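# Remarks on the overall topology
These are the residues of each chain, in order.
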Amino acid sequence: MAHHEFGPRLAIPGRGAVALPELAGTLSVRERDLADAERDFGGHVHRRPLAVAFPATAVDVAALVRFGRTHGIPVVPRGAGHSVDGQALVSDGIAIDMSTLKEVRPVDQDRISVDAGARWRAVVDTSLRDGTVPPVLPDYLELSVGGLLSTGGFGGASHRYGSQADNVHDLDVVTPDGELVTCSPTTNPELFDAVRGTQGRHGIITRATVALTRAPSTVWWHRLTYHDLGAYLGDQRRLVDELRFDHVDGQARFVDGHWRFILEAVSTRSPPIDDLACDSAEIIEAAYREFADRILPIEARSRSTGSWYHPHPRANVLLPGKHAETVLTEAFAELTPELLGTGGSVLLYLFPTARVQAPNVPKARDPYTVLFGVQRTSPPGDFVALQRMREANAALHATARRLGGASYAYPLDATDAQAA
C-alpha cells in the first residue's frame, strides 16, 4: 500500500486538533485521498471527508468508530465506491476505505470466510478453484462483499436462494458503540438480522462467512426477446415458479423506437421453451465463468466511449407484483432514450418474495417482488438533464413506496449509510 500522511492528531472544525486513536493502519489527509473519497460511481453527489482511513484490521475500524462517537463526527465505510447517490460519502467526517480489508481465505467445504472489502470477483476466483460458487451473485463482480450484504444483494438466482444476505453463515460487525462482535443465526441473532440489508444503520460489516454451492463448468444461456410486457412478466413468473432454470433475470432495451424485453434464463441443461410467448430466442452454450463475467464487455465498452465516467443518477426499486405491469407500462411510456442516457440500461426481473428470509432486506408487500432498475447516465456538464433524471428517479421511488414496494440500496438520508 502506498504511503499515506498521518499524524497523532486530527483537526476537527470548531474543536481544534484532537488526539487520534492508535491504529495499525493509516489515516490520511492527503489531497488525493480526500478527493477520491468525496465522490462515488454516481458522480453527481460530492461530500468531502476530514480524513480517509486505511485500516489494517477490523480492530482499527472499531477504534475509529469509538473515536467518531466520542468526538461527535460521522464515520462511514466505503467499499468499492459503487453507490450512486452519495450513500457511502461523508461530509466533515472520516471515510474508512474498506478495500484494505480484502483477505479471501481458503474454501472450507460449503463456505468461505472473506473480509468485507474483498470484491466478489476475488471470492469467485477462489471458490471456483474448488468447484464452488456463492448461490447468489451480483451481476457486477467488482462490488465489495460488505457493501452488497449491507444492501441485501439480489441476482438471477434470487428466485431460488433469496438475497445474498440470506446466504451467509456469520458476520463480524463493528457496532455503533465501537464494539467488534461476531453474529450469526444463533450468536447475537438480533444483530445478525439488524445489519443485513440496512446499509450500516446498525453496524459496519468487517468479515463474512459466505455460503457456497457446486458450480457448473458450462451452462445453457437463453436470451428470449419479447415485445409485449405482460407476456414477458408472465413468462418470468412461470419460470421462477417452476424452477425451470437456475438463473432468471432480464432487461429492457430501446430498439427501433420501441421497448423490447429480454429474458435471460440460464441452466446446466437446456429445458424446453416451446410453451413461452417470446418473439425470438437465442440459445448458446457457454463456460460458467464467461457467464459470470458477462458484464465485463459492457464495462469495457462503457469505458471506451467515456460514459463510465459520466454522472449516473440511477434508481432501483422493488415493485409489488400485482402493480408491476401498470407501473412499468407508465414508466416505459415516459422513459425516453434521453431520460436514460447514452450507455444507460434497464434491469427488470422478479422473484418470489418469500425467498427473502433476512427480515430487514427490502422487499415488496406482495407474493412477488419485481426489481426495476433504471441505470441512467447523464451527459457531463448538462445540469438540466441531470435534474430531470433526478426528478424522475424521485417519482419512481415515491410510486414504489406508495404501492407497497420499496427503494433498493437507496436511503433517503445518505448519512444513514453505514454511519457510526
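Scroll up to find the structure this text is about.
Below, the structure is looked at part by part. (Residues numbered from 1 in each chain as written. Predicted model: local features only at pLDDT ≥ 70, side-chain atom pairs only at ≥ 80, totals over all residues. Heavy atoms only, no water.)

### Details of the sheet that holds strand S10 (residues 180-183)
The strand order across the open sheet formed by four strands is S7-S11-S9-S10, and the pairing between neighbours is antiparallel. In the strand order of this sheet, the two ends are held by strand S7 (111-115) and S10, each with one partner. This sheet shows a mean twist of 15 degrees between the axes of neighbouring strands, independent of strand direction. Sheet topology note: the strand S9 (residues 168-174)/strand S11 (residues 204-211) ladder contains six bridges and is antiparallel. Pairing of Val168 across the sheet is with Val210, part of S11. (Pairing = 2+ DSSP bridges. Helix = DSSP H or I, 4+ residues; strand = E, 2+ residues; numbered from the N terminus. Axes fitted to C-alpha atoms, helices over the stretch in contact; angles between N-to-C directions.)

### Focus on empty space enclosed by the protein
This structure, assessed with the given rule, holds one cavity of 30 Å³ or more. The volume enclosed by the largest cavity comes to roughly 30 Å³. The residue inventory of the lining of the largest cavity, partitioned by class, reads five nonpolar, no polar and four charged. (1 Å grid on protein atoms, 1.4 Å probe; cavity = no way out; pocket = protein on both sides within 12 Å on 5 of 7 lines; lining within 4 Å. Points joined across faces, edges and corners; volume = space filled by probe spheres on them. Nonpolar A, V, L, I, M, F, W, Y, C, P; charged D, E, K, R; others polar.)

### Observations concerning the pattern of salt bridges
Enumeration according to the criterion identifies 24 salt bridges in this entry. Measuring nitrogen to oxygen at the nearest pair gives 3.3 Å for the salt bridge that ties Asp177 to Arg69. Placement of Asp177 in the loop between S9 and S10 and of Arg69 in helix H2 (residues 58-71) is noted, with a sequence separation of 108 residues between them. By sharing partners, the salt bridges in this structure join Arg119, Arg121, Asp125, Glu142, Arg289 and Asp293 into a single network. (Salt bridge = Lys/Arg side-chain N within 4 Å of Asp/Glu carboxyl O.)

### A word on the layout of surface pockets
Roughly 560 Å³ of internal volume is contained in the second largest pocket. In terms of lining residues, the second largest pocket is bounded by 27 residues, among which Asp36, Arg39, Arg78, Ala80 and Gly81 are the most central. Secondary structure elements with two or more residues in the lining of the second largest pocket: helix H1 (31-37), strand S4 (51-54) and strand S6 (94-97). Considering only residue class, the lining of the second largest pocket consists of eleven nonpolar, eight polar and eight charged.

### Focus: the sheet that holds strand S17 (residues 315-320)
Spatial strand order, S16-S13-S15-S14-S18-S19-S17-S20: eight strands in an open sheet with antiparallel pairing. Bordering the open sheet on either side are strand S16 (280-287) and strand S20 (406-407), each of which pairs with just one other strand. Relative to strand S15 (residues 258-267), strand S14 (residues 247-255) runs antiparallel, the two sharing nine bridges. Considered in S15, the bridge of Arg253 is made with Arg260. Lying on the sheet, helix H7 (residues 229-242) is in contact with strand S13 (218-226), S14, S15, strand S18 (345-352) and strand S19 (368-375); it crosses S18 at an angle near 45 degrees. In the packing of helix H10 (residues 321-334) onto the sheet, the strands contacted are S14, S15, S17, S18 and S19, and the crossing angle to S17 comes to about 135 degrees. (Contact = heavy atoms within 4.5 Å.)

### Thoughts on H10
With 14 residues, H10 should reach 20 Å at 1.5 Å per residue; the first-to-last C-alpha distance of 20 Å fits that figure. Among all positions in H10, only Ala324, Val327, Leu328, Ala331 and Phe332 are buried. (Expected span 1.5 Å × (residues − 1). Buried < 20%, exposed > 50% of the residue type's maximum accessible area, 1.4 Å probe, protein only.)

### Observations concerning H2
The terminal C-alpha atoms of H2 lie 20 Å apart, and with 14 residues this matches the ideal 20 Å at 1.5 Å per residue to within 8%. Within H2 the residues assigned to the buried category are Ala58, Asp60, Val61, Ala62, Ala63, Leu64, Val65, Phe67 and Gly68. Structurally, the start of H2 carries an N-cap: the backbone nitrogen of Val59 is 3.3 Å from a side-chain oxygen of Thr57. Residue Gly72 follows H2 closely and has a positive phi angle near 70 degrees. (Polar contact = N/O pair within 3.5 Å; in protein donor to acceptor, adjacent residues only side chain to side chain.)

### Focus on the packing of H7 against H10
As a packed pair, H7 and H10 sit with axes 10 Å apart at the nearest point and diverge in direction by 140 degrees. In terms of axis orientation, H7 runs oblique to H10. Remark: the crossing between H7 and H10 carries right-handed chirality. Each of Leu229, Gly230 and Leu233 in H7 lies in contact with H10, whose residues at this interface are Glu325, Leu328 and Thr329. (Parallel < 35°, antiparallel > 145°, perpendicular 65-115°, else oblique. Left-handed = near helix turned anticlockwise from the far one by under 90°.)

### So, the nonpolar core
The tendency in soluble globular proteins is for nonpolar side chains to be buried side by side. If you look at the biggest cluster of nonpolar residues, it comprises 63 residues, and the most contacted ones within it are Ile94, Ile96, Trp120, Val145, Phe154 and Leu171. Ranked by residues supplied to this core, first place goes to H2 with five residues. One finds Leu224, Val248, Ala331 and Phe372 within the second-largest nonpolar core, a separate group that totals 38 residues. (Core = buried A, V, L, I, M, F, W, Y, C linked by side-chain atoms within 4.5 Å.)

### Regarding the environment of Leu10
Turning to its location among the elements, Leu10 is positioned in strand S1 (residues 9-12). Spatially, the C-alpha atoms of Leu10 and Val65 are 14 Å apart, while their sequence positions differ by 55 residues. Beyond its immediate stretch of four places on either side in the chain, Leu10 contacts Gly16, Ala17, Val18, Leu20, Val29, Leu50, Ala51, Phe67 and Ile94.

By themselves, these observations are geometric and do not establish any function.
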